[in-house]
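# Commentary on secondary and tertiary structure
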Amino acid sequence: MSTDTTLTGGATGAVRAMPLTFHPRPDSVHARAVGGRFNTLRWAMVWLTQLVFYGGVWLTWRDGDTVRPALWMDIPHERLYVFDHVLWPQDALLFAFVLIVAALALFFVTALAGRLFCGFACPQTVYTMMFTWIEARIEGKPAARRALDAAPWRPRKIALKGAKHALWWALAAWTAITFVGYFTPIRDLLPRLGTWNMGMWEGFWLIFYASFTYVQAGFAREAVCQHMCPYARFQGVMTDAHTRQVGYDSRRGEPRAHARSAGAGAGDCVDCTICVQVCPTGIDIRDGTQYACINCGLCIDACDTVMDKVGRARGLIRYASERELAGRTAAILRPRVALYAALLLLFGALGAWQIATRPEVRLDVLRDRGVLMRETADGRIENAYVLKVANLTRDEVEYVAQVEGVPGATIVGNDRLRVAADSVASLRLTVSAPDDGMLRGAQPLDIAVAPHARPDERASERSRFLFP
Ligand code: SF4
Ligand code: SF4
């Protein structure tokens, strides 16, 4: 697909028409297929990522007597289930560490090897590969696809295009069902799909995600990498002349000459343009490193094949730094790489510490706002509290409340609470302290709860005890 529009503008008031093309080359959406080690690696990543994505939603986990999805974002109950772990909204700091570590890992890899993620693991890349694979199976090679695009709408074209779009929609729909299946157990979702018996948000996300996948992978393709992805724009600040990226060795390749006409002094590039024809973003890597390059390595595969055929050494296009292509040495360990690695280790360690020290009980103490304090007949002062106890374990637990910080303070009445596994329960607590006239106003009071069987694993919160 190519979308040609026109922009107008000019710095000095003169109006100048500037073409804006959705894809750099109008025919680049039909890139030529190529085999080779990078193509194999890309397909390996497609299989790996999609086995995880499409398969993960079907995994189940046994919790006591119940069986639930192993990977499940239960939004109504504010829980994230990851196999045996259950995360609560209070674990937001852990999510923050995970996001920071993911971002730093991206920076680290980019500093070392450019847009490696884009070319091999980005969902946009992966789904575009799957959609174009379907297209190639139905419509044929790039030349046949272009001919079909240009052909009038006859039965054959309608049948081929219809089959392609039907399969695209099927894949997009299954992707959307899988996506929603991580939020609504898929075994519960699927039977309801037939009668469209589902909530508003489930319906919205199914339609939105299916349409999004269909448009992004079927039509926009690598144009997303160039025009929509912010990473393409700011990757330049993470790379430097030492970063290994896909690059053309112009010192070896120039001047270009067709194999047959090459004379003395000709470079190794035979100007076959196959590296351009296989490029999914439609660029010519021989023009130098470009932000539109997603580092997929397909031009390396293509050029290596050509070099094999003409009997020259592979690697005219290869993963190399600007310095290496200029005949200089390049360093792997540089200040920015060391900084990203150090931050990665730091935040990774903080995240691990956060997991290791994650409490098994959380406590919130609310003062009873209806009764500030009460004086009893025997001269004591009573304050009332509501304890919200969150049991983060997988078993029902009996908790015992304790108070300290105010001399002589004791709990009046019930001090115990049973909380079901992975649940929150409330306990109304009355605390009594002698009024000997020494303490006045608000005094700090520490309230704690601990499992009856494991008194050391307590959670506490500081509150106030009000004297007259
Ligand atoms: S594939 Fe290699 S030889 Fe052919 S044009 Fe590209 S760089 Fe030159
Ligand atoms: S220039 Fe090469 S590595 Fe970059 S996007 Fe095109 S084919 Fe992939």
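Look up a bit, the structure's there.
Residues numbered from 1 in each chain as written. Chains lettered and ligands numbered in written order. Predicted model: local features only at pLDDT ≥ 70, side-chain atom pairs only at ≥ 80, totals over all residues. Heavy atoms only, no water.

### Some words on the site of ligand 1
In plain terms, the rule: If even one non-hydrogen atom of a residue comes within 4 Å of a molecule or strand, that residue is called near it. Side-chain classes follow a simple rule in which Ala, Val, Leu, Ile, Met, Phe, Trp, Tyr, Cys and Pro form the nonpolar group, Asp, Glu, Lys and Arg form the charged group, and the remainder, Gly included, forms the polar group.
By nearness alone, every residue bordering ligand 1 is listed as Tyr-248, Cys-269, Val-270, Asp-271, Cys-272, Thr-273, Cys-275, Arg-286, Cys-303, Met-307, Leu-316 and Ile-317. Here the residues of the shell around ligand 1 are counted per class, giving 9 nonpolar, 1 polar and 2 charged.

### Considerations on the sheet that holds strand E7 (residues 85–87)
What counts here: When DSSP finds two or more bridges between two strands, those strands count as paired. Starting at the N terminus, helices and strands are each numbered in turn, a helix being any DSSP run of H or I of at least four residues and a strand any DSSP run of E of at least two. Every axis corresponds to a line fitted to the C-alpha atoms, with the helix fit spanning only the stretch in contact, and the corresponding angles, defined between N-to-C directions, vary from 0 to 180 degrees.
Across the sheet, which stays open at both edges, the 3 strands sit in the order E5-E6-E7 with antiparallel pairing between neighbours. On the outer flanks of this sheet lie strand E5 (71–74) and E7, each paired with one strand and no other. Across this sheet, the average inter-strand angle for adjacent strands is 10 degrees, counted without regard to direction. Bridge count between E5 and strand E6 (residues 79–82): 4 bridges; the pairing is antiparallel. When the bridges of E6 are listed, Asp-74 appears paired with Arg-79.

### Observations concerning a nonpolar patch on the surface
How we decide: Without a salt bridge and with relative accessible area above 30%, a residue can belong to a patch; like charges are then joined within 9 Å and nonpolar side chains (Val, Leu, Ile, Met, Phe, Trp, Tyr) within 5 Å. Exposure was quantified through the Shrake-Rupley algorithm and a 1.4 Å probe, taking into account, for residues, occlusion by the shown protein chains and nothing else. Salt bridge, as used here, is a side-chain nitrogen of Lys or Arg placed within 4 Å of a carboxyl oxygen of Asp or Glu. Only protein chains enter the area calculation, which uses a 1.4 Å probe; residues under 20% of their type maximum are buried, those over 50% are exposed, and those in between are partly exposed.
A contiguous nonpolar surface patch, about 680 Å² in accessible area, is contributed by Met-200, Trp-201, Phe-204, Trp-205, Phe-208 and Phe-212. Within the secondary structure, Phe-204 is located in helix H8 (residues 200–220). Assessed through its relative accessible area of 41%, Phe-204 is described here as partly exposed.

### Description of the pattern of salt bridges
Where side chains of opposite charge bring their charged atoms close, a pairing between them can arise. If you walk through the whole model with that rule in mind, you get 32 salt bridges. Of the charged contacts, one joins Arg-358 and Asp-91 as a salt bridge, the two residues approaching to 2.8 Å between their closest N and O atoms. Of this pair, Arg-358 sits in the loop between helix H15 (335–356) and strand E10 (361–367) while Asp-91 sits in the loop between E7 and helix H2 (92–113); the two residues are 267 residues apart in sequence, bridging distant segments of the chain. Residues Asp-149 and Lys-161 are paired through a salt bridge, measuring 2.6 Å at the closest nitrogen-oxygen approach.

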